[in-house]
Amino acid sequence: DDGRQVVRFGRRARLEHLLVMLTFVLLLLTGLPQKFSDSSWAIWLTQHLGGIDWMRTIHRATGVVFTALCTVHLATALFGVLSGRMDMNIVPDRSDFRAAVQNLKYYIGLAPAAPRFGRFDYRQKFEYWGMVVGSGVMVVSGFVLYFTLLFAEYLPGQLIPAAKAAHSYEAMMALLTIIIWHMYGAHLNPECFPIDKSIFTGRISLARLRHEHAL
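Because the structure is a prediction, the values reported are computed rather than measured.

Student: I keep staring at helix α5 (residues 122-146) and nothing clicks. Help me out?
Tutor: Residues spaced three or four apart along an α-helix face the same direction, because each turn holds 3.6 residues. In this model, α5 (25 residues) spans 35 Å end to end at C-alpha, consistent with the 36 Å of a helix rising 1.5 Å per residue. All of the buried residues in α5 are Y122, K125, G134, S135, M138, V139, S141 and V144. Where α5 is buried, its residues contact α3 (52-82), α4 (94-107), α6 (148-154) and α7 (159-188). In this structure D121 caps α5, since a side-chain oxygen of it lies 3.0 Å from the backbone nitrogen of R123.

Written out as structure tokens, the structure is:
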């Protein structure tokens, strides 16, 4: 590593990541105590957040902000692709599935070398699209729970408990994905320990880029 760096993420991407990170944490802090309302830690957190009514207000307001962030992100991406300013390198293709198999073989000694990746590897692509799909589930189910009377007036009543289950379990899966998958890839991975700063600084060393994203 000779110290040279290149731009990895632009200002908009870094700002989006920061805002999503903050809203995600706030949604967890105000959502998990509602799911585990009988637990002592949930009761303590609810009391320190101003009570259940105030906590629900924060949760819903943050959910609206999160929805706006997702809408702007997808609209910007769609416009970028249609206008030719943005390519589709975040979309998985067959080579990513082959790379995943080759990487697993490399880890257990059945392949002579690890696969080479482009701007995003298969893990980053899968995590991104998992978040996109998961965010869609959270947004739709969240608005159903926000406007229950409105939805129940025009749609079957079974939609309400179904939305509650989807919202709750998707939130838990998102939390586990962040803890197990994202925290390892961005912080505990030996190649970037103790933290991958590129999403905050926007820059990555040229040596690391050649090593992790050779294509």
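Now that the structure has been shown, we can carry on.
Student: What exactly am I supposed to notice about the packing of α5 against α7 here?
Tutor: Angle between the axes and distance between the axes: these two values describe a pair of packed helices. In contact at an axis separation of 9 Å, α5 and α7 are set at 150° when each is read in the N-to-C sense. Taken as axis vectors, α5 and α7 run roughly antiparallel relative to one another. Considering only the axes of α5 and α7, their crossing is left-handed. Of the residues in α7, those touching α5 at R123, E127, G134, V137, M138, S141, G142, V144 and L145 are L159, I160, A163, K164, A166, H167, E170, A171, W181 and H182. Grouping the constituent residues of the contact of α5 with α7 by class yields 10 nonpolar, five polar and four charged.

Student: Where do I start with the packing of α3 against α5 in this structure?
Tutor: Across the interface, α3 lies against α5 with an axial gap of 10 Å and an inter-helix angle of 135°. The orientation of α3 with respect to α5, classified from their angle, is oblique. Viewed along their axes, α3 and α5 form a crossing whose handedness is left-handed. The residues of α5 that touch α3, namely those facing R60, V64, F66, T67, C70, H73 and L74, are Y128, M131, V132, S135, V139, F143 and Y146.

Student: Where do I start with the pattern of salt bridges in this structure?
Tutor: A side chain with one charge can pair with a side chain of the opposite charge if their charged atoms come near. Following the criterion strictly, the structure yields six salt bridges and no others. The residue R12 makes a salt bridge to E16 at a minimum N-O spacing of 3.2 Å. Here E16 and R12 lie together in helix α1 (residues 11-35), a separation of four residues that amounts to about one turn. With its nearest N and O atoms 3.0 Å apart, the salt bridge here joins D196 to R208. Of the two residues, D196 sits in the loop between α7 and α8 (198-201) while R208 sits in helix α9 (residues 206-212), which places them 12 residues apart along the sequence. Each member of the pair, D196 together with R208, is buried. A single salt-bridge network, built from bridges that share partners, covers D196, R208 and E212.

Cut-offs applied
- Residues numbered from 1 in each chain as written.
- Predicted model: local features only at pLDDT ≥ 70, side-chain atom pairs only at ≥ 80, totals over all residues.
- Heavy atoms only, no water.
- Helix = DSSP H or I, 4+ residues; strand = E, 2+ residues; numbered from the N terminus.
- Expected span 1.5 Å × (residues − 1).
- Buried < 20%, exposed > 50% of the residue type's maximum accessible area, 1.4 Å probe, protein only.
- Contact = heavy atoms within 4.5 Å.
- Polar contact = N/O pair within 3.5 Å; in protein donor to acceptor, adjacent residues only side chain to side chain.
- Axes fitted to C-alpha atoms, helices over the stretch in contact; angles between N-to-C directions.
- Parallel < 35°, antiparallel > 145°, perpendicular 65-115°, else oblique.
- Left-handed = near helix turned anticlockwise from the far one by under 90°.
- Nonpolar A, V, L, I, M, F, W, Y, C, P; charged D, E, K, R; others polar.
- Salt bridge = Lys/Arg side-chain N within 4 Å of Asp/Glu carboxyl O.

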